Amino acid sequence: MTETADHRDSYPPSAEFAASANADAALYERASADREAFWAEQASRLHWHQPWDQVLDWSDAPVAKWFAGGRLNVAYNCVDRHVLDGHGDQVAIHWEGEPGDSRAITYRELLAEVSRAANYLTELGLAAGDRVAIYMPMVPEAVVAMLACARLGLTHSVVFAGFSPTALRQRVDDASARLIITTDGQWRRGKAAPLKEAVDEALFANGDVPHSVEHVLVVRRTEIEVPWTEGRDLWWHETVAQASPEHEAQPFDAEHPLFILYTSGTTGKPKGILHTSGGYLTQTSYTHHNVFDHKAGQDVYWCTADIGWVTGHSYIVYGPLSNRATQVVYEGTPNFPDEHRHWQIVEKYGVSIYYTAPTLVRTFMKWGREIPAAHDLSSIRLLGSVGEPINPEAWRWYRDVIGAGAVPIVDTWWQTETGSIMISPLPGVTATKPGAAMAPLPGISALVVDEEGKPVQRGETEANGYLVLDQPWPSMLRGIWGDMERYRATYWERYAEQGWYFAGDGAKLDADGDLWVLGRVDDVMNVSGHRISTAEVESALVGHSGVAEAAVVGASDETTGQGIVAFVILTAEAKDTGTALVDELKAEVAREISPIARPREIHVVPELPKTRSGKIMRRLLRDVAEGRELGDTSTLVDPNVFEAIRATKA
Ligand code: WT7
């Protein structure tokens, strides 16, 4: 360890961990010696019904074909082959329900359930290429539904069960889903909240505007009463559960669409990120094996994400199951019935690998170390972080309090678009630093460059560095559903000359050349690791009759990373309604989008700061929201608006 500020705080792996780690330093060498051979080697960890002819076909850039000509079945790889290999009795999922009920599901049982679902979806007339929307809480059937789709070549679109009927309808329409799979309700802090009702609302949302949905398949979870449309609506327990548990998986092309997952962009319309099969599974499987050092049959793995986000797709469903993991899936929140819940679960199942988001780590810090200290967490041997930059203080607390001051932390940078982890330490190799994602994984290439594409030098920490990916990778998105032009414009236009993917994140290289991801540089906010666009919230606000104009920014927040701060101009009629309206507006955003998008603050202002071209100066609003001195206001039409805005904040 040297004395430089960057180095002082460096945590090398223990000799013991390194000695038995899945990954060693040679992995980097092998990957850089021959990238394609390296990825072929990783793909060979899967079962292919038919091998590929070409590892990478980049001739149609920016749409990649990986393992072209190869054929595989994703669900077969995640389930069948483990049973055929003699591991049918191994628990795949230790499911823990919010009210305290639980279920252990072995790989053999998982195979039977997925097969039943596949048989029934086939009976419904669904065929490869059709889209299915999945709008479910964290119940085992959600995983079964995803795998059944994968098994049949149906493209799933999972919609987070916290999203509103409007958001669901938008996604169902965009993908023309033929089926929605949902539950009657979901447990929320001891209460059953309706969910099927939201589906009905979504399908009636636009009055009689026709939709693509033929059936709604409903899993009974809470026994809450549900509205029912005879002929259209079907109970899972009366259909899927009665179907045959035998089903033979057919292979699909490596580039067959596996799923669409909507994520926020810089406009109000979410982007349907499209992922395909062979390359996606190769990289999720490879990263889960090496980054988490996962050992099949020994580890108990727990990723606390929801299947509504990409982390749930890649690191609850496809990555872990392809590696024959035994994992915990938990339905509820971390503080129900109290703040001990996660640590009780760790103790109960002997969780050895725990993967969560910085916002939760900061919440645990707030609750106090006595809570985890009341539990035996000695089974934990690796911790992971994802979703936003983890501040060094939270990193150290995570390692000290949850990791007994000894276990490696992997800070994993990736996106919905990248499909899998891209930049992360390798736990048996990398000497980690609190707050740094460190380096691209073997087989992955990333650069930190300036506006012109010139590489930013190490130690140049004041520079505005942008993170770009300069080489295609197996689990990269293959486009935006129904809008390939937007795909090119969003990710490939900025550095078109160089042919690089623009990630939308700021980054720097420290004096040692280690990579730090600094957060979004576009109009996308990151609230508790959830991506929300400023435009989406603005559009929800102006949808209210009392609002004439709205501008939204993400302001730094001690717990959630960023908090949503809105500035609104009211209509003349609404001007006297006062604070009641602010609460009403917050509720409106929560209703229109999701409770996760509820603004932290709403300020009623007389005017918004605009440039002469009419663009709202969000940078200046961020300064106001964070209580900073104002930046350059010279391009504003009327610099005085700030006096008025500040007055409303005081
Ligand atoms: C954005 C992607 C990746 C799954 C969850 C979020 C931010 C993600 C890190 C990290 C710093 C991170 C980035 C990225 N982000 N991981 N380890 N360090 N920032 O997926 O919703 O697609 O969001 O999350 O800003 O662009 P997502």
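Residues numbered from 1 in each chain as written. Predicted model: local features only at pLDDT ≥ 70, side-chain atom pairs only at ≥ 80, totals over all residues. Heavy atoms only, no water.

As recorded in an unreviewed UniProt entry, the protein goes by Acetyl-coenzyme A synthetase and comes from Nocardia tenerifensis. Regarding the protein, the UniProt comment filed under Cofactor (unreviewed entry) reads as follows: "Mg(2+)". In its Catalytic activity (unreviewed entry) section, UniProt records this for the protein: "acetate + ATP + CoA = acetyl-CoA + AMP + diphosphate". (UniProt positions renumbered as here; feature names shortened; annotations may be inferred.)

### Thoughts on the overall build of the protein
Along the protein, the regular secondary structure elements total 20 helices and 30 strands. The C-alpha radius of gyration of the protein comes to 24 Å, within 12% of the 26 Å expected for a compact globule of 650 residues. Principal axes of the C-alpha set define a box for the protein whose edges measure 75 × 70 × 55 Å. Taken across its 650 residues, the protein has 60% of its residues classed as buried. For the protein, the share of sequence-separated contacts (at least 6 apart) that also reach a separation of at least 24 residues comes to 70%. If you sum the accessible surface of the protein, you get close to 24,300 Å²; carbon and sulfur atoms cover 49% of it. (Helix = DSSP H or I, 4+ residues; strand = E, 2+ residues; numbered from the N terminus. Rg over C-alpha atoms; globule rule 2.2 N^0.38 Å. Buried < 20%, exposed > 50% of the residue type's maximum accessible area, 1.4 Å probe, protein only. Contact = heavy atoms within 4.5 Å. Areas by Shrake-Rupley, 256 points an atom, 1.4 Å probe, with all protein chains shown as cover.)

### Describing the packing of aromatic side chains
Within this structure, the stated rule accounts for 34 aromatic pairs. With a centroid separation of 5.1 Å and 85° between ring planes, the pair formed by Phe 259 and Tyr 280 is classed as edge-to-face. Highlighted residues: Phe 259 in strand E14 (residues 257-263) and Tyr 280 in helix H10 (residues 278-291), separated in sequence by 21 residues. With a relative accessible area of 0%, Phe 259 lands in the buried category. Judged by relative accessible area, Tyr 280 falls into the buried class, the value being 1%. One aromatic cluster is present, built from ring pairs that chain together Phe 38, Trp 39, Trp 48, Trp 52, Trp 66, Phe 67 and Tyr 286. The residue whose ring lies beneath Arg 171 is Phe 163, and the NZ or CZ to ring-centre distance is 4.5 Å. (Phe/Tyr/Trp six-rings, centres within 6.5 Å; stacked < 30°, edge-to-face > 60°. Lys NZ or Arg CZ within 6 Å of the ring centre and 35° of its normal.)

### So, the sheet that holds strand E22 (residues 466-469)
Where strands meet in a sheet, backbone hydrogen bonds hold them as pairs that are either parallel or antiparallel. Ordered by their spatial adjacency, four strands build an open sheet running E21-E22-E24-E25, and the pairing between neighbours is antiparallel. The sheet is open, and its two edges are formed by strand E21 (446-449) and strand E25 (515-520), each paired on a single side. Averaged over all pairs of adjacent strands, the angle between their axes in this sheet comes to 45°, without regard to strand direction. In terms of strand pairing, E22 meets strand E24 (residues 501-509) through three bridges, oriented antiparallel. Within E24, the position partnered with Leu 469 by the bridge is Tyr 501. (Pairing = 2+ DSSP bridges. Axes fitted to C-alpha atoms, helices over the stretch in contact; angles between N-to-C directions.)

### Structural notes on the UniProt feature "binding site: ATP" (unreviewed entry) in the protein
In the UniProt entry, the feature "binding site: ATP" (unreviewed entry) is given for Gly 387, Glu 388, Pro 389, Asp 411, Thr 412, Trp 413, Trp 414, Gln 415, Thr 416, Asp 505, Arg 520 and Arg 531. Among the structural elements, Trp 414 can be located in the loop between strand E20 (409-412) and E21. Within polar-contact distance, the side chain of Trp 414 engages the side chain of Tyr 355 at 3.2 Å. One can find Gln 415 in the loop between E20 and E21. (Polar contact = N/O pair within 3.5 Å; in protein donor to acceptor, adjacent residues only side chain to side chain.)

### Description of the UniProt feature "modified residue: N6-acetyllysine" (unreviewed entry) in the protein
The positions UniProt marks with the feature "modified residue: N6-acetyllysine" (unreviewed entry) are Lys 615. The topology assignment puts Lys 615 in the loop between strand E30 (601-604) and helix H19 (618-625). Given the relative accessible area of 52%, Lys 615 is considered exposed. Those residues within four positions of Lys 615 in sequence are excluded, and the remaining contacts are Pro 609 and Lys 610.

### Here we look at the confidence of the model for the protein
On average, residues of the protein score 94 in pLDDT, and 96% of them reach the 70 mark or higher. Between residues 1-7, whose pLDDT stays under 50, and residues either more than four places distant or in other chains, the model counts 12 contacts. (pLDDT = per-residue confidence, 0-100.)

### Observations concerning the site of the ligand
The full set close to the ligand counts 17 residues, and Asp 411, Thr 416, Asp 505, Arg 520 and Arg 531 are the nearest of them. Residue Arg 531 places a side-chain N or O atom 2.8 Å away from an oxygen atom belonging to the ligand. Coverage of the ligand by the protein chains reaches 95% of its 550 Å² of free accessible surface. Broken down by secondary-structure element, the contributors of at least two residues to the shell around the ligand are helix H11 (310-322), E20 and E25. Split by residue class, the shell around the ligand holds six nonpolar, six polar and five charged. (Near = heavy atom within 4 Å. Nonpolar A, V, L, I, M, F, W, Y, C, P; charged D, E, K, R; others polar.)

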